[in-house]
Amino acid sequence: MNILEKEKKLSALEKQIDGLGNKKSVEKLKIEIENFKLNEMTKLTAWDRVLLARHQSRPKAKEFIDYLSPDFIELHGDRLFRDDPSIIGGIGTIEGNVFTIIAQQKGSSTEDNIKRNFGMPHPEGYRKALRLMQQAEKFKRPILTLIDTPGAYPGIGAEERGQGQAIAMNLMEMSKLTVPIITVIIGEGGSGGALAIGFANKMLMLENSIFSILSPEGYASILWKDASKAAQAAEVMKLTAYDLKDFQIIDEIIKEPPGGAHFDKEKVFTETKKAIVETYNKLKRLSGIELYYQRNTKTRNYGFLQRFNYDNLGGIKNDIHKDFGNR
Amino acid sequence: MNILEKEKKLSALEKQIDGLGNKKSVEKLKIEIENFKLNEMTKLTAWDRVLLARHQSRPKAKEFIDYLSPDFIELHGDRLFRDDPSIIGGIGTIEGNVFTIIAQQKGSSTEDNIKRNFGMPHPEGYRKALRLMQQAEKFKRPILTLIDTPGAYPGIGAEERGQGQAIAMNLMEMSKLTVPIITVIIGEGGSGGALAIGFANKMLMLENSIFSILSPEGYASILWKDASKAAQAAEVMKLTAYDLKDFQIIDEIIKEPPGGAHFDKEKVFTETKKAIVETYNKLKRLSGIELYYQRNTKTRNYGFLQRFNYDNLGGIKNDIHKDFGNR
Amino acid sequence: MNDIGKSISKRKQLKQKLNTFHEDRPFIKAQKMDVPKGLYELCPTCERTINKKTNIKNDYICSHCGNHFRMRAIDRINYIVDNDTFIEKGIGFITLNPLFQKGYEEKIREYKKNTHLDEAYIYGYGKINSKPCVIGVMDSYFLMGSMGSVVGEKVTKTFEYAIYKRLPVIIFCASGGARMQEGIFSLMQMAKTSAAVAKHSKMGLLYISVLTHPTTGGVNASFASLGDIILAEPNALIGFAGPRVIEQTIKQKLPDGFQRSEFLLEKGFIDKVVHRKDLKNVLAKLLTFHRGYNR
Amino acid sequence: MNDIGKSISKRKQLKQKLNTFHEDRPFIKAQKMDVPKGLYELCPTCERTINKKTNIKNDYICSHCGNHFRMRAIDRINYIVDNDTFIEKGIGFITLNPLFQKGYEEKIREYKKNTHLDEAYIYGYGKINSKPCVIGVMDSYFLMGSMGSVVGEKVTKTFEYAIYKRLPVIIFCASGGARMQEGIFSLMQMAKTSAAVAKHSKMGLLYISVLTHPTTGGVNASFASLGDIILAEPNALIGFAGPRVIEQTIKQKLPDGFQRSEFLLEKGFIDKVVHRKDLKNVLAKLLTFHRGYNR
Ligand SMILES: [Zn+2]
Ligand SMILES: [Zn+2]
């Protein structure tokens with residue numbers, strides 16, 4: 001039973017309450033529900049988290065921004081080609097600190113989803129984000145980015161207008177910034193599309209959000225030639241917040257209520273705000289150059305590999321060379 | 001008789017030579033031709049110069065580049081939307097000095113003219129120019145720009161993609177550069193389209209090129225509601241090299257042979273090269289910051305206006321205020 | 001006073017002069033304009049007749065369709081700047097006639113009388129919801145708000161004054177483009193004003209450009225498009241080439257809404273379209289976001 | 001040797017070590033590859049049969065249609081770098097299996113044997129027409145030239161070595177994208193390599209990126225697209241999303257030439273499409289244009 005099925009069972013149980021007249025049996029059912037929530041809906045597989053990260057009712061970036069920064073002013077456009085509605089950008093205060101906020105926005109309805117391209121940015125979205133980040137740099141303003149995207153958009157226009165170049169440019173330019181960059185992955189963190197606004201000093205993740213090189217479906221279909229093995233793929237891909245924390249790819253996990261963020265949005269918003277403010281309070285003590293180095297040092301160390309120490313190898317060196325080919 | 005009509009007469013006279021058997025009369029006609037050239041084809045009205053600046057046979061930017069920098073490598077694209085063929089950009093050496101060269105290119109044939117959009121850039125052309133100029137800045141390379149355009153392109157795509165913004169951005173960013181920028185107007189220097197690559201330390205002009213806020217036709221039709229008065233407009237607009245030298249808008253005039261540049265291209269190329277190298281040799285003595293200040297000071301002083309010196313006005317001040325309104 | 005005393009006093013004077021930076025700074029308050037002649041006018045958008053007095057009271061917004069009428073520079077200042085805070089700067093410029101255009105001087109003189117301005121642009125120090133800034137306003141009633149040498153000079157001085165005072169700049173643009181009558185000098189103002197924006201920006205200072213109907217030509221292709229933040233009033237015509245010239249060139253009619261604020265918002269060139277009623281608050285908020293750094 | 005002598009010699013050693021920057025720099029010359037098995041192969045463009053030996057002699061360019069075949073990294077180095085000048089850097093990296101993928105280690109071992117490389121990328125010091133530079137080459141025969149931790153690390157070290165030596169970088173890209181088997185670590189190499197380019201660029205040094213068939217995915221969306229100058233071989237597939245994925249998403253066939261070098265040249269993303277025969281000369285010329293400043 002995956003988490004969505006459990007959610008259905010839960011709501012079925014909750015509906016039963018209405019049908020019961022007996023006070024005692026209501027009481028009993030309520031306890032049963034509570035236990036079900038705590039025991040069943042907290043033990044989540046990686047695939048469960050994938051499902052939650054994509055959940056229709058999961059709070060979207062705009063809701064987060066509304067809570068975090070009630071005075072947020074949205075600013076539009078890349079000043080080059082188009083305003084991309086799948087990325088929201090602007091300025092607002094979070095607990096008195098002015099932030100440049102950039103977020104990937106999935107739609108809240110079918111119509112909105114089409115407008116937002118299901119949260120998949122086009123190159124102009126990345127370029128808008130970059131413009132606003134460079135503006136933040138000019139005004140020495142910290143940057144908050146919220147990630148929620150299935151990934152870059154595999155379409156004609158996106159390729160024609162150079163999405164690869166746009167993502168690369170964002171990564172290069174973000175590496176140069178001297179203001180604090182805080183990233184929170186709030187839902188799906190899909191591939192280069194997510195990373196393009198995620199080159200941060202500190203990367204936080206909601207407990208049931210995911211971050212991966214591609215979708216589990218894509219992974220299964222490429223490596224195993226079978227997209228239906230997505231659930232299996234999710235398990236091996238190490239895409240959950242806990243896995244990524246272990247790998248030191250992310251810095252902090254923001255807890256969610258049992259069943260996922262949509263069960264208590266207010267709580268999730270409060271926790272997220274707390275985590276952002278705490279992180280910012282630590283970062284703001286650093287100078288611009290320290291922030292630059294911190295972000296770059298962290299990134300420099302990404303990787304899982306090994307290297308021979310030649311100085312200690314002595315005679316083995318030659319053997320290795322033989323092994324490695326006829327050089 | 002305007003210069004084009006004189007040119008026709010000249011070639012008619014030259015054809016007559018073939019028909020003459022008599023050696024003496026050939027000799028006589030040759031002298032007549034020579035006199036016609038020197039006397040008639042050097043006295044040019046402003047409108048004559050407009051016609052020459054637009055002359056079909058006038059050497060185009062590419063021919064200049066081929067002569068100035070035989071090892072020129074053309075580089076393409078704005079890295080955003082499109083490569084604009086109406087602007088050529090690249091790197092090459094001029095007498096051993098590596099230059100970034102940017103030029104507006106009119107077509108040499110009808111087909112080529114359509115490809116080059118008659119030398120009228122789209123926003124992506126200005127953005128390509130800016131990219132290459134910023135690259136020149138990175139590598140501390142001097143910049144040479146050749147201007148030959150009727151102006152910006154009044155079309156849908158050009159407006160949709162923000163040609164106003166693109167021109168403005170070029171002006172702002174060019175003002176910041178710390179490398180020498182030398183501009184040569186080789187034909188038409190039309191409005192913002194020309195200026196967008198012409199914010200230079202030194203501005204040179206071929207003798208029969210023009211530089212103006214809009215075409216004489218446009219001027220006549222806007223101010224006099226009669227486009228046919230273009231020739232008259234040309235006279236009052238002060239668009240010739242000599243007028244602009246008087247106004248200290250340009251720095252130097254490069255002489256052309258009688259009848260215009262197309263009568264002796266080689267000579268024009270040589271003179272142009274000489275002028276560029278001489279100008280560069282002066283500029284290269286300046287440091288980056290000096291170049292920056294020189295360019296900006298020059299620009300700061302553009303304008304033809306007067307201001308009261310209030311300190312010396314005494315009681316007159318109040319009168320003026322009355323004159324100026326009820327403030 | 002002895003010689004030494006004189007010398008000290010002279011030096012003091014000199015120092016004071018240097019400090020004031022601008023040769024003059026008369027404290028002149030902008031005043032409410034007179035009601036223009038005629039009681040009624042036609043709204044160009046909904047084509048209904050409107051009482052002019054009502055329209056003025058309604059901040060030049062059509063009560064029927066919400067069309068934003070053009071606003072005179074002085075009205076704009078009264079509308080956007082806190083009462084009694086505006087101090088006009090850089091006055092006393094005189095427009096000359098470099099190309100000896102027949103009738104140009106007379107024209108200018110007439111516009112001066114009719115608009116109570118000495119050119120198509122005024123600027124000064126002022127406060128918006130108590131936030132200090134430098135405010136510049138173009139007046140499209142003055143020769144189409146076209147940019148000649150004086151407008152270019154004053155726009156440049158706007159940024160220079162703001163640099164000196166370390167203040168943000170807000171400019172309300174409204175222009176038909178370049179001042180043809182001043183020829184090449186008008187064109188060169190594009191470079192001059194853009195360079196002024198660059199200098200101001202280099203100091204880390206904020207520049208908000210507000211595009212009102214119409215913002216075209218040389219103004220569009222220079223300082224108007226260079227704001228850190230670019231706002232626009234609804235349905236304002238914004239572009240480099242004028243729509244009529246484009247139609248003549250491409251030989252077809254332009255689609256509805258082409259080159260209008262909302263169109264440019266979609267095309268990525270405008271940060272936000274703001275209704276005139278909200279403008280003051282949005283500007284004040286943006287100024288607050290940029291007062292000093294928060295790290 | 002007395003104690004003081006020992007100490008000095010130790011310090012000398014230490015200093016030398018610090019100076020050399022990389023822990024190791026074995027001088028290994030790249031060698032011409034063996035002729036692959038089978039005498040003939042099919043040209044994918046013109047579908048004619050070609051003698052492999054002829055093809056190798058012709059620098060892997062189809063003698064019928066000019067199609068540029070993929071080139072092994074070692075062949076590329078032999079082709080582009082002056083004889084006896086290439087010194088490989090940064091060897092000895094070992095690819096690990098962070099996600100415990102079944103069969104991944106075996107796969108890597110096999111590729112190592114077949115390609116004579118230890119990963120899909122090698123780099124080193126070399127000269128092109130006597131101009132010194134740092135050259136990196138991806139090998140698409142090694143697991144599609146995909147970028148995992150080792151490739152990302154070596155690309156990063158390419159730029160670091162070039163910074164240390166104040167040399168330009170030339171990288172020949174050829175990659176199917178990210179190394180799926182290494183999951184998130186592969187993704188993060190995009191940020192890491194892009195940051196390395198930024199550091200190198202900040203020093204005012206030149207980086208030329210040469211895109212060969214195919215350059216897609218994570219490599220396309222990082223260092224491959226960040227060259228000061230971006231060259232491409234003719235008809236190379238270049239893009240972020242693969243054409244098959246796009247076709248599945250938009251449910252229609254892609255036009256001919258989509259995502260090919262010439263297409264991207266027109267779209268403004270490539271500086272120049274260069275035929276393989278001209279590549280060495282163009283690179284040498286560009287290097288000359290950037291050797292020292294001329295002011
Ligand atoms: Zn109305
Ligand atoms: Zn073939």
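Residues numbered from 1 in each chain as written. Chains lettered and ligands numbered in written order. Predicted model: local features only at pLDDT ≥ 70, side-chain atom pairs only at ≥ 80, totals over all residues. Heavy atoms only, no water.

Per the secondary structure count, chain A includes 15 helices and nine strands. Once the C-alpha set of chain A is aligned to its principal axes, its extents read approximately 80 × 55 × 45 Å. Buried residues in chain A amount to 61% of all 327 residues. In chain A, of all internal contacts separated by at least 6 residues, the share reaching a separation of at least 24 is 70%. When the accessible surface of chain A is split by element, carbon and sulfur atoms take 51% of a total near 12,800 Å². For chain A, the distance from the average position of its 48 positive side-chain charges to the average position of its 43 negative side-chain charges is 3 Å. (Helix = DSSP H or I, 4+ residues; strand = E, 2+ residues; numbered from the N terminus. Buried < 20%, exposed > 50% of the residue type's maximum accessible area, 1.4 Å probe, protein only. Contact = heavy atoms within 4.5 Å. Areas by Shrake-Rupley, 256 points an atom, 1.4 Å probe, with all protein chains shown as cover. Lys, Arg positive; Asp, Glu negative; His and termini not counted. Charge placed at Lys NZ, Arg CZ, Asp CG, Glu CD.)

All names here are of chain C. The protein atoms that coordinate the zinc ion (ligand 1) are Cys43 (SG), Cys46 (SG), Cys62 (SG) and Cys65 (SG), at distances of 2.3 to 2.4 Å. Taken together, the four donor atoms surrounding the zinc ion (ligand 1) define angles of 104 to 113° at the centre, an arrangement classified as tetrahedral. Sequence spacing of the donors to the zinc ion (ligand 1): C-x2-C-x15-C-x2-C. Residue Cys46 is located in the loop between strand S1 (40-42) and strand S2 (49-51), and its partner Cys62 is located in the loop between helix H2 (52-57) and helix H3 (73-80); the two are separated by 16 residues in the primary sequence. (Donors = N, O, S within 2.8 Å, 3.2 Å for Na, K, Ca; no water. Tetrahedral: all angles 85-135°; square planar, octahedral: opposite > 155°, others 65-115°.)

Turning our attention to the coordination of the zinc ion (ligand 2). All names here are of chain D. Each protein donor to the zinc ion (ligand 2) is listed here as Cys43 (SG), Cys46 (SG), Cys62 (SG) and Cys65 (SG); together their distances run 2.3 Å. Every donor counted, the four donor atoms about the zinc ion (ligand 2) form angles of 105 to 113° at the centre, which fits tetrahedral coordination. Read in sequence order, the donor residues coordinating the zinc ion (ligand 2) give the pattern C-x2-C-x15-C-x2-C. Cys46 gets classed as partly exposed once you look at its relative accessible area, which sits at 23%.

When the parts of a complex come together, some accessible area is lost, and that lost area is often used as the size of the interface. In this complex, chain B contributes 55 residues to the contact, which on the side of chain C involves 64 residues. Our count for the chain B to chain C interface comes out at two salt bridges. Salt-bridge contacts for Glu160 of chain C lead to Arg300 of chain B; the nearest nitrogen and oxygen are separated by 2.5 Å. The tally of links between chain B and chain C comes to 12 residue pairs in polar contact (both at pLDDT 80 or more). Element by element, the count of residues in the side of chain B that touches chain C is highest for helix H8 (residues 163-176) of chain B, at 10 residues. The class makeup of the residues in the side of chain B that touches chain C is 29 nonpolar, 16 polar and 10 charged. When strand S9 (residues 305-307) of chain B meets strand S4 (residues 93-95) of chain C, the two strands line up antiparallel, connected through three bridges. (Salt bridge = Lys/Arg side-chain N within 4 Å of Asp/Glu carboxyl O. Polar contact = N/O pair within 3.5 Å; in protein donor to acceptor, adjacent residues only side chain to side chain. Nonpolar A, V, L, I, M, F, W, Y, C, P; charged D, E, K, R; others polar. Pairing = 2+ DSSP bridges.)

All names here are of chain A. Domain annotation of chain A identifies domain 1 (3-43) and domain 2 (57-300). When the buried area of domain 1 at its contact with domain 2 is split by residue, Glu7, Lys37 and Met41 rank highest and sum to 69% of it. Taken together, the connections running from domain 1 to domain 2 amount to zero salt bridges. Here domain 1 is connected to domain 2 by two residue pairs in polar contact (both at pLDDT 80 or more). Secondary-structure elements contributing two or more residues to the side of domain 1 that touches domain 2 are helix H1 (3-19) and helix H2 (23-40). (Domains from an automatic or database assignment. Buried area = accessible area lost by both parts, 1.4 Å probe.)

Each partner contributes to the interface: chain B provides six residues, whereas chain A provides six residues. Together chain B and chain A conceal approximately 610 Å² of surface at their shared face, both sides included; 56% is due to carbon and sulfur atoms. A per-residue breakdown of the area chain B buries against chain A is headed by Arg79, Leu80 and Phe81 of chain B, which together make up 62% of the total. Scanning the region where chain B abuts chain A turns up zero salt bridges. At the junction of chain B with chain A, the criterion picks out zero residue pairs in polar contact (both at pLDDT 80 or more).

We now examine the environment of Val184 of chain B. Residue and element names in this part refer to chain B. Looking at where Val184 falls in the secondary structure, it is placed in strand S5 (residues 181-190). Relative accessible area serves as the criterion here: at 0%, Val184 is assigned to the buried category. Between the C-alpha atom of Val184 and that of Leu144, which follows or precedes it by 40 residues, the distance is 7.7 Å. With residues up to four places along the chain from it excluded, the contact list for Val184 reads Leu144, Thr145, Leu146, Ile147, Leu204, Ile254, Thr272 and Ile276.

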